[in-house]
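Structural characterization, general
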Protein chains: 2
Amino acid sequence: MRFVLVAGCTRTAEIDGISAAGADTDVMVHTPSADLEILEYGKPTSSPVVPVSPTGCPTPAVVSRAVRELLEFETLGVDAGLGSPTCAPTVTVGEESGEDVRRSRPVPGAEDVFENATRLGRALPDDEIVVGETIPGGTTTALGVLTALGERTTVSSSLPENPLALKRDVVNDALTASDLSEGDAAGDPIAAVSRVGDPVLAGVAGTTIGALESGTDVTLAGGTQLAAAAALVRHAGVDDPMSLATTSFVAADETAAIEKSAADLDLALTVTDPEFADGDHPAMDAYVAGEAKEGVGMGGALALADRAGVSMAAVRDRVVDVYERITEAEPAVKP
Amino acid sequence: MRFVLVAGCTRTAEIDGISAAGADTDVMVHTPSADLEILEYGKPTSSPVVPVSPTGCPTPAVVSRAVRELLEFETLGVDAGLGSPTCAPTVTVGEESGEDVRRSRPVPGAEDVFENATRLGRALPDDEIVVGETIPGGTTTALGVLTALGERTTVSSSLPENPLALKRDVVNDALTASDLSEGDAAGDPIAAVSRVGDPVLAGVAGTTIGALESGTDVTLAGGTQLAAAAALVRHAGVDDPMSLATTSFVAADETAAIEKSAADLDLALTVTDPEFADGDHPAMDAYVAGEAKEGVGMGGALALADRAGVSMAAVRDRVVDVYERITEAEPAVKP
């Protein structure tokens, strides 16, 4: 088993009120780079910020790293278009961050990202991969892609109150800018990503398609963004079995409708509850209050812990360790 | 402990008779990319070739991977200027392969590589790193750098008969092309690399300097190329303790004079003998006959096995496993 984290940026995240994946829109560009470092090294090593939400909720990378420390699984970082440097090792499948989806062609390199990621997925020697994402603003671009494909248009949010009206406005503007109507990109995943998506969706979908082609089982680790990636895989004509592993926080989010999306896309759904209310700690309280919910493959990491017989209490203890390490640590390098 | 492999290319390897790090000069450009994949995944996953010498001697990546499978240490791939794509994750510190050293400025980006690698080394959170290299033709560029720095000009070879006269001719041409005499680059490691070196030497030296600055112990894993990297570190004014861990094959090579070089550069030398004569297997026979000798951090990996109490018999058994896997495997992807 290899845990694959596809990372990148979209300037859609700069729209006020869209994302909580960073303390403010200026530092959000560093979140995916820091998430890769936390997963690889246990703390941000060159990124100038520790990713927290405006209210201080830590990045879900803390949870995925905690599980990695307990299970010692192998990881693979994939750069689908980062907006800032990282000292974590990656395979590059995309050179450019996505533009604001309200532009006419926010991901001009979508086809290349798909192809590079497919080649990478095909090359992986593993029996099984678990694929997560880190891209602030990603639920809005996921909504864009789901709309363009004509799939169920339900997405979750890293904010306690999902700014759905704002997201729908942004997606409507995006569709208009790209001269698309709902369902116009059905069967054409590259068009959906290049015109109303983000590069990470292309990276996840491509990696998945390549892995499935070469006989590797794929679990998509996350919520509605991963459902959008699964929709891209289905619209590429791939009918292989796939799993979706998410958190109880996404499952409890009515705006996400994750069970229905999973059923639509023929995904075997696993929901894992880390019982963070029992943690009673700042690393976990914000999740209980409805923030973050998912990201960085958190739901998949929790499912792996559960499958390995590691208790959620042990996961929570390690989450506290990682949280204390990353919030106390000064980054070693200031760019 | 983290095992760091700095990989790249120099067109110096295309000079007939210089290197055995590939079946012929056309495929040698793939050797570093394949070595990274073997270390990371246990076999080449996208590289079109399995790196073997013209006589069939397998890449020392087989040995380092074998030890990794036994010890399960963490690895980091560093791209200092690869000449072909790889599906192994890397941190990129250099964008370009080196030109033939007989050109006037074969590594124009040397300063950037040094700086990027130093930043990476500083960012690593580890108490200890072991740093190896993979670059065909690297002993010739090492000879160039040692000459330009005014250090002992002894280097080993991946060939049983070291083509020293050829290397000296190439280095003399290189010095002439760059208008340098022996010792002219003393105290100026960037000049030495940019004018008569290769990008991997800059990557190894920079990573080492950054790691030492941030309190990380460094073992240079290899033979005379790593000694040349150590010379660059010393000529950058860094006096910290450093270790050099190499194989008995390099230690037995009189043309390498590795004990003297280590003493010159104040390096604590460890020599590990994998007792390949006891292996009596094609994966090891060529080493006994004097081929390859070192590379891909092999000497450092063997020293780690020894320190962990893993017997050389166990290492040899695993070397056979990895060898059989990589020689039987068809690459999953043909570019």
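Up top is the structure.
Now for a quick tour of the structure. Keep in mind that this is a model prediction, so the values were computed, not measured. (Residues numbered from 1 in each chain as written. Chains lettered and ligands numbered in written order. Predicted model: local features only at pLDDT ≥ 70, side-chain atom pairs only at ≥ 80, totals over all residues. Heavy atoms only, no water.)

Some thoughts on the interface of chain A and chain B
- Taken residue by residue, the interface counts 25 residues in chain A and 25 residues in chain B.
- Approximately 1,800 Å² of surface area, both sides summed, lies buried where chain A meets chain B, with 64% of it carried by carbon and sulfur atoms.
- The interface formed by chain A and chain B contains four salt bridges.
- With its nearest N and O atoms 3.1 Å apart, the salt bridge here joins R68 of chain B to E74 of chain A.
- Here the side of chain A that touches chain B is composed, by residue class, of 12 nonpolar, six polar and seven charged. (Contact = heavy atoms within 4.5 Å. Buried area = accessible area lost by both parts, 1.4 Å probe. Salt bridge = Lys/Arg side-chain N within 4 Å of Asp/Glu carboxyl O. Nonpolar A, V, L, I, M, F, W, Y, C, P; charged D, E, K, R; others polar.)

Some details on the sheet that holds strand β3 (residues 91–92) of chain A
Residues and elements named next belong to chain A.
- Within the open sheet, the seven strands sit side by side as β3-β2-β1-β4-β5-β6-β7. Their pairing is parallel. Edge strands, defined here as strands with exactly one partner in the open sheet, are β3 and β7 (267–272).
- With six bridges connecting them, strand β6 (residues 242–247) and β7 associate as parallel partners. Among the inter-strand pairings, A245 is bridged to a residue of β7, identified as T270.
- Most of the contacts of helix α8 (residues 224–235) go to β6, to which it runs at about 170 degrees, and overall it touches β4 (128–134), β5 (217–221), β6 and β7. (Pairing = 2+ DSSP bridges. Helix = DSSP H or I, 4+ residues; strand = E, 2+ residues; numbered from the N terminus. Axes fitted to C-alpha atoms, helices over the stretch in contact; angles between N-to-C directions.)

Here's the deal with unusual backbone geometry
- The phi dihedral of E72 of chain A falls on the positive side, at around 55 degrees, and the residue is not glycine.
- Looking at where E72 of chain A falls in the secondary structure, it is placed in the loop between α2 (61–71) and β2 (74–81).
- We note that A257 of chain B has phi near 45 degrees; this positive angle belongs to a residue other than glycine.
- Topologically, A257 of chain B is positioned in the loop between α9 (248–251) and α10 (258–264).

Here we look at the pairing of β5 of chain A
Residue and element names in this part refer to chain A.
- For β5, the tally of buried residues reaches four of five residues, placing the bulk of the element in the interior.
- The sheet contact formed by β4 and β5 spans four bridges and is parallel. In the strand pairing of β5, V130 is matched with T219.
- In this sheet, β6 lies alongside β5 in parallel orientation, the contact comprising three bridges. (Buried < 20%, exposed > 50% of the residue type's maximum accessible area, 1.4 Å probe, protein only.)

Let's talk about the environment of T224 of chain B
All names here are of chain B.
- Within the secondary structure layout, T224 lies in helix α8 (residues 224–235).
- Accessibility expressed as a relative area gives 3% for T224, which makes it buried.
- C-alpha of T224 to C-alpha of L146: the two residues are 78 residues apart in sequence and 9.6 Å apart in space.
- Beyond its immediate stretch of four places on either side in the chain, T224 contacts T139, A142, T154, V155, S156, A256 and I258.

Description of the packing of aromatic side chains
- Tallying each qualifying case throughout the model produces eight aromatic pairs over all chains.
- Geometrically, the ring pair formed by F249 of chain A and Y287 of chain A is tilted, given 5.8 Å between the ring centres and 45 degrees between the ring planes. Here F249 of chain A is found in helix α9 (residues 248–251), whereas its partner Y287 of chain A is found in helix α11 (residues 282–288), with 38 residues between them in sequence.
- Classification of F249 of chain A by relative accessible area gives buried; the value is 14%.
- Ring centres of F3 of chain B and F73 of chain B lie 5.1 Å apart, and the angle between their planes is 20 degrees; on these two criteria the pair is classed as stacked. Of the two residues, F3 of chain B sits in strand β1 (residues 2–8) while F73 of chain B sits in the loop between α2 (61–71) and β2 (74–81), which places them 70 residues apart along the sequence. (Phe/Tyr/Trp six-rings, centres within 6.5 Å; stacked < 30°, edge-to-face > 60°.)

Description of the environment of E40 of chain B
- By the secondary structure assignment, E40 of chain B is in helix α1 (residues 31–41).
- On the accessibility criterion, E40 of chain B (10% relative accessible area) is buried.
- For E40 of chain B and V171 of chain B, which are 131 residues apart along the polypeptide, the C-alpha to C-alpha distance reads 34 Å.
- Aside from chain neighbours lying at most four places away, what touches E40 of chain B is R2, E74 and T75 of chain A together with R65, R68, T75, A88 and P89 of chain B.
- Only 3.4 Å separates the side chain of E40 of chain B from the side chain of R2 of chain A, close enough to count as a polar contact. (Polar contact = N/O pair within 3.5 Å; in protein donor to acceptor, adjacent residues only side chain to side chain.)

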